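So you can see what is in the structure, the chains are spelled out below.
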Amino acid sequence: MTQAGAGSELDERVPGRRWIVRLDPVGRGSAEVRVSCSRPACAEQRLPSAAAGRTAAVAHLKAHLRATPVPGADTYCACRADGCRAHLPDTGRRARTDPPWRCGGPVVLTVITDRAGRWWQALECCSRCAAATPGARTATASHPSAPRAADRPTPAAAGTGVGTPQFSDQQVTTRPERPAPLPLPAPRPVPARRRRPPEARIGRRVIPRDLRPVSLRDELTELGDLFRAYQKRPEPDLVLLADLQERKARAFLTWSDVTCDVTLRLEAQRAEQAAAVIRRQHQHRTGCVPEGEEPGVARLLTVPAQWEYARSVLAHVAGHTPLPGAEARLLVLMLTLRTAHTGTGNLVGQDVNALGLTDPEDLVEQLTGCGWLSLPGTVGDLLASRPENPTPVTVPSLVPDEDGSGPFTFGRKTRPKLSGWAQRVVSDKKLRKAKAPAGARLLAVTLATWTDGVGRLGPGGRGVTLNALATRVPVGFDELRDLIDRLTAADWLTDTALTDTHLTGRLTERVLPLTCPLLD
């Protein structure tokens, strides 16, 4: 009787709906993905990336859920097609009083997804199946759709409230005067994956967990972390990298002795050779190379003593320029370099006109008017003079005293080298092509003497303070920002950052031969 009643009741009900939304790759070598839905009316979508496809798939599923009505009273669990084997206890036999299609509880709309986020399934199943499925979530409010057994009282007869979920496998024992509906079973938690701790690595080699001594294993692990951290650095540090390679060579040599692995000894030799090459590369870039070898950067001023002389001239000009402004400072710098040894020198009109001055004639007249500069003729004669007929000029403050001493200590052969270096900087091809003003050229000369061996600004690449920069380039903050932009556009500076206190960045590879690196 029970089986016959269950069969007729099943024939009167409809199976729960189910559909699935999938996310699949389009093909090998392409980042595009395909979103498909098992419903016949839904067209396939193609998205440019997995993230966009996942967003579209979730939105498509939500649209279906909003448009789908709640399960009706004549719907039975969609898991019947599977026999509910995944949710029944493994007792070896099934209770005779329970029909094979009945799981328990009202039918609800449930969403199940895989952990990788590749498919999303929506189905109408009973509350017990929803609670027993890991990660399942109920998408709609449940309706009392579970069939009533012939030998069990109805919810009304039991005294329960209308719409309260009841499990078909449990007897209702509450009294009519005190209703007490049975609660829904709690969802089964998603089992947590047990992951083994990550293996320690150095390069492509795995460091064994049982490697002894422990100090060797700790050293290899630390070296692996340091190499990975070095790869994330924004700027290279060749000294640090050479030290790491030397430590790696020593550690791998010990590792080879412990394990008798010849390949480790060979890798130790390669690390030692890499350390030597990196140190030589650092020496070449900083100019500190052994005698008889050519440096990696062929600088115009070749020895550190000349770099210090150039900085001494800039410091002297900063404190002895008779007129304010960047234009006067640049002109005084170039005249000082021409007359630094004896106080006298030759000048042509192109030397002044190529500095980007606003009014070179007026500026030269101001210098002669205050007595800082002396000319044999007029300013017009100076500006019109040509290389075959240069104009002799005199700077009285640079004329040596009776004992032959002057403000500078470099000799007669060094002066033209310094003057030629400064002339190369201020007359750089890209500065001339961009018609850079005198302030930009003065800033270029100043920054060329404030870099480390690889062109980074300031000692150790930490930047130049604005207070120190203002003593060499007398401009305001806004004008300084404009000059920095001009030098960046002229391929002089890169990676610059101007704050309230510092200017950081580096000179480009193109102008490294014109730099005077700071000595450590």
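Residues numbered from 1 in each chain as written. Predicted model: local features only at pLDDT ≥ 70, side-chain atom pairs only at ≥ 80, totals over all residues. Heavy atoms only, no water.

(A) Geometry of the pairing of strand β11 (residues 344-347). Only one face of β11 is buried, namely the one carrying Gly345 and Leu347, since none of Thr344 and Asn346 on the opposite face is buried. Pairing analysis gives four bridges linking β11 to strand β12 (residues 391-394), with the strands arranged antiparallel. By the bridge assignment for β12, Leu347 is matched with Thr391. (Buried < 20%, exposed > 50% of the residue type's maximum accessible area, 1.4 Å probe, protein only. Helix = DSSP H or I, 4+ residues; strand = E, 2+ residues; numbered from the N terminus. Pairing = 2+ DSSP bridges.)

(B) The arrangement of the nonpolar core in detail. If you look at the biggest cluster of nonpolar residues, it comprises 70 residues, and the most contacted ones within it are Trp421, Leu469 and Trp492. Top contributing element to this core by residue count: helix α9 (residues 326-339), with nine residues. If we ignore the near neighbours within four places in the chain, the residues touching Trp492 are Val425, Asp428, Leu431, Ala444, Leu487, Arg506, Leu507, Thr508, Arg510, Val511 and Leu514. Judged by nonpolar contacts, the second largest core, of 19 residues, contains Leu238, Ala242, Leu264 and Ile278. (Core = buried A, V, L, I, M, F, W, Y, C linked by side-chain atoms within 4.5 Å. Contact = heavy atoms within 4.5 Å.)

(C) Structural context of the packing of aromatic side chains. Evaluated as defined, the whole model comprises three aromatic pairs. On the numbers, 5.4 Å between centres and 70 degrees between planes, the contact of Phe252 with Trp255 is edge-to-face. You can see Phe252 and its partner Trp255 sitting in helix α6 (residues 238-259), three residues apart, about one turn around the helix. Of the two residues, Phe252 and Trp255, both sit in the buried class. With 5.4 Å between their ring centres and 20 degrees between their planes, Phe408 and Phe410 make a pair best called stacked. Residue Phe408 is classed as buried on the basis of its relative accessible area of 12%. We note Lys248 situated over the ring of Phe227; from NZ or CZ to the ring centre the distance is 5.8 Å. Over the ring of Phe252 we find Lys248; its NZ or CZ atom is 5.4 Å from the centre of that ring. (Phe/Tyr/Trp six-rings, centres within 6.5 Å; stacked < 30°, edge-to-face > 60°. Lys NZ or Arg CZ within 6 Å of the ring centre and 35° of its normal.)

(D) Inspection of the sheet that holds strand β14 (residues 493-498) at higher detail. Pairing within the open sheet is antiparallel, and its three strands lie in the order β13-β15-β14. In the strand order of this sheet, the two ends are held by β13 (464-465) and β14, each with one partner. Sheet analysis places β13 next to strand β15 (residues 502-507), joined by two bridges and oriented antiparallel. Bridge pairing in β15 links Val464 to Leu503. Sitting on the sheet, helix α17 (residues 477-489) touches β14 and β15, and the angle it makes with β14 is about 160 degrees. (Axes fitted to C-alpha atoms, helices over the stretch in contact; angles between N-to-C directions.)

(E) Quick peek at the packing of α9 against helix α13 (residues 414-426). At their nearest, the axes of α9 and α13 sit 8 Å apart, and the two run at 150 degrees to each other. The orientation of α9 with respect to α13, classified from their angle, is roughly antiparallel. Considering how the two elements wind past one another, α9 and α13 form a crossing that is left-handed. Of the residues in α13, those in contact with Leu330, Met334, Leu337 and Arg338 of α9 are Arg415, Leu418, Ser419, Ala422, Gln423 and Val426. In the contact of α9 with α13, the residues fall into six nonpolar, two polar and two charged. (Parallel < 35°, antiparallel > 145°, perpendicular 65-115°, else oblique. Left-handed = near helix turned anticlockwise from the far one by under 90°. Nonpolar A, V, L, I, M, F, W, Y, C, P; charged D, E, K, R; others polar.)

(F) A look at the packing of helix α8 (residues 304-320) against α13. Contact pair α8 / α13: the axes reach a minimum separation of 11 Å and the direction vectors enclose 70 degrees. Classified by the interaxial angle, the pair formed by α8 and α13 is roughly perpendicular. Crossing geometry of α8 relative to α13 is assigned as right-handed. Contact residues: Gln306, Tyr309 and Ala310 in α8; Thr414, Lys417, Leu418 and Trp421 in α13. Taken together, the residues of the contact of α8 with α13 break down into four nonpolar, two polar and one charged.

(G) Inspection of the sheet that holds strand β6 (residues 107-113) at higher detail. The six strands are arranged β4-β3-β2-β7-β6-β8 in an open sheet whose pairing can be described as antiparallel. In this open sheet, the two strands that pair with only one neighbour each are β4 (45-47) and β8 (137-138). Bridge count between β6 and strand β7 (residues 119-126): seven bridges; the pairing is antiparallel. Each bridged residue has a counterpart across the sheet, and for Leu109 the counterpart in β7 is Glu124. Across the sheet, helix α2 (residues 50-67) lies against β2 (18-25), β3 (33-37), β4, β6 and β7, angled at about 170 degrees from β2, the strand it touches most.

(H) Summary view of helix α11 (residues 360-369). All of the buried residues along α11 are Pro360, Leu363, Val364 and Leu367. For α11, the buried positions fall inside an angular range of 100 degrees around the axis, keeping them on one side. (Arc of directions from axis to C-beta.)

(I) A look at the pattern of salt bridges. For the structure on display, the rule yields 23 salt bridges. In this structure, Arg22 and Asp24 form a salt bridge, with 3.3 Å as the shortest nitrogen-oxygen distance. Here Arg456 makes a salt bridge to Asp452, at a shortest N to O gap of 2.7 Å. The buried category is assigned to Arg456, whose relative accessible area is 19%. On the basis of relative accessible area, Asp452 is assigned to the buried category, the value being 8%. Three or more residues are tied together by salt bridges with common partners; here these are Asp428, Lys430, Asp491 and Arg510. (Salt bridge = Lys/Arg side-chain N within 4 Å of Asp/Glu carboxyl O.)

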